[in-house]
Amino acid sequence: MTETLTTFHDHHGQPAIQIQSPDGAQATVLLHGAHVVSWVPAGGTEQLYLSPQADYSAGKAIRGGIPVIFPQFEQKGPDRSLPRHGFVRNRAWQLESQRQGKDHAQATFQLADSDETRALWPHGFELELTVSVSGAQLELELYVRNSGSTVWPFSAALHTYLGVAELSRVRLHGLEGHLYIDNLLNGEAVEDHPEKSFSGEFDRIYEKASSLLLTEGKRRLQIQSDNLPDAVVWNPGPDKCAALSDMPADDWQHMLCVEAARILQPKTLAPGEEWTGRQCLTLLA
């Protein structure tokens, strides 16, 4: 691999890096949260949903793309005193490296603890997010290291908003037989549908669902994860979407979150220990 010149772009007032492989595949990542806001496969079209009303103000969470969730998911813990979805998705990360090979390109972003984060969560940590594009594939690798002197548990997620033309035409395969927690009904069950369809609000965490396929007409998007064993499937539906200030009222019909996560069994790291989780999206021919 050879070093490439780092080029910063302005994305709604936020500095961003555009990663582009020689075959034309590209992704755009903000330094704000190391937030992936765009992924276009080689010869393809945009695959992610990004709200046209997203708030890019400092300290705000951006609606859409792929936010990084750490060290807890929603208010489910392991530290419920923290802000919802933790605190790394709205902080300034640093670009550590950007590299291009013969058939792919990648960039790695870093975030470490600071006086500000330790006021919220009194632990030392180092995070890296590596974003790679090649052909029809986007790969995200989240690396976590305990750089402090305390033992701490964490949850994590890559909160992927997928763009869809029409939610009613979407089918999600690979969930059958998996235990899920339904956050709307506050209950548990085992999925019995070989392909899941959607018509409104949906909020479930599926256990050990690491190989999924989203179809919409001729579109086939493979979603695979490693060491992020849970799959969060979420759509706000019409009522909750209408109440969101950072999303058009009808856009619930044009997105579906399918998130690679570690929630149901948080990971614990002792000082010096590390962990890596991955999500890979592939647009199939």
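Counting restarts for each chain: residues are numbered from 1 in the order of the written sequence. Local features are withheld for residues below a pLDDT of 70 in this predicted model, meaning they are given only at 70 or higher, and side-chain atom pairs are given and counted only at 80 or more; totals for whole chains, interfaces and linings count all residues. Side-chain numbers here rest on the full set of heavy atoms in the structure, without hydrogens or water.

Attention now moves to the sheet that holds strand 3 (residues 14-20). Strands are treated as partners if at least two bridges between them are detected by DSSP. Secondary structure counts use DSSP, requiring at least four H or I residues in a row for a helix and at least two E residues in a row for a strand, with both numbered from the N terminus. The sheet built from 4 strands is open, its strands ordered 2-3-4-5 with antiparallel pairing. Whereas interior strands pair on both sides, the edge strands pair on one side only; in this sheet they are strand 2 (8-11) and strand 5 (35-40). On average, adjacent strands in this sheet sit at an angle of 30 degrees to one another, irrespective of strand direction. By the bridge criterion, 5 bridges tie strand 4 (residues 26-30) to strand 5 in an arrangement that is antiparallel. Bridge assignment links A27 to a residue of strand 5, and that residue is W39. Fitting a line to C-alpha atoms yields each axis, with helices limited to the stretch in contact; the angle taken between N-to-C directions then spans 0 to 180 degrees.

We now examine the environment of L212. Tracing the backbone through its elements, the reader meets L212 in strand 18 (residues 211-216). Sequence separation between L212 and L172 is 40 residues, and the spatial gap between their C-alpha atoms is 7.0 Å. When checking whether two residues touch, look at their non-hydrogen atoms; a contact exists if any pair is within 4.5 Å. When neighbours within four sequence positions are excluded, L212 is seen to be in contact with L172, H173, G174, L175, L221, Q222, I223, A231 and V258.

In this section: the environment of T215. With respect to the helices and strands, T215 occurs in strand 18. For T215, a relative accessible area of 15% gives the class buried. Those residues in contact with T215 that lie beyond four places of it in its chain are R169, V170, R171, H173 and R220. Think of it in three bands: residues with accessible area under 20% of the maximum for their type are buried, residues over 50% are exposed, and the middle band is partly exposed, with areas taken using a 1.4 Å probe on protein chains only.

What follows deals with the layout of surface pockets. What the largest pocket holds in volume is close to 420 Å³. Only protein atoms enter the 1 Å grid, on which a cavity is a set of points fitting a 1.4 Å probe that cannot get out and a pocket is an open set with protein on both sides within 12 Å along at least 5 of 7 lines, lining residues being those with an atom within 4 Å of a point. Every residue lining the largest pocket is counted, 21 residues in all, and those nearest its centre are E74, R84, H85, H159 and W234. Here the lining of the largest pocket is built from residues that sort into 8 nonpolar, 3 polar and 10 charged. Grid points are joined across faces, edges and corners, and a volume is the space filled by probe spheres set on the points. Classification convention: Asp, Glu, Lys, Arg as charged; Ala, Val, Leu, Ile, Met, Phe, Trp, Tyr, Cys, Pro as nonpolar; all other residues, Gly among them, as polar.

Low-pLDDT stretches of the model should not have their predicted coordinates read in fine detail. The quantity called pLDDT is the predictor's confidence in a given residue, expressed from 0 to 100. When the pLDDT values of the protein chain are averaged, the result is 95; 98% of them are 70 or greater. Note on residues 1-6: pLDDT is under 50 here. Beyond four places in sequence and across chains, it has 15 contacts.

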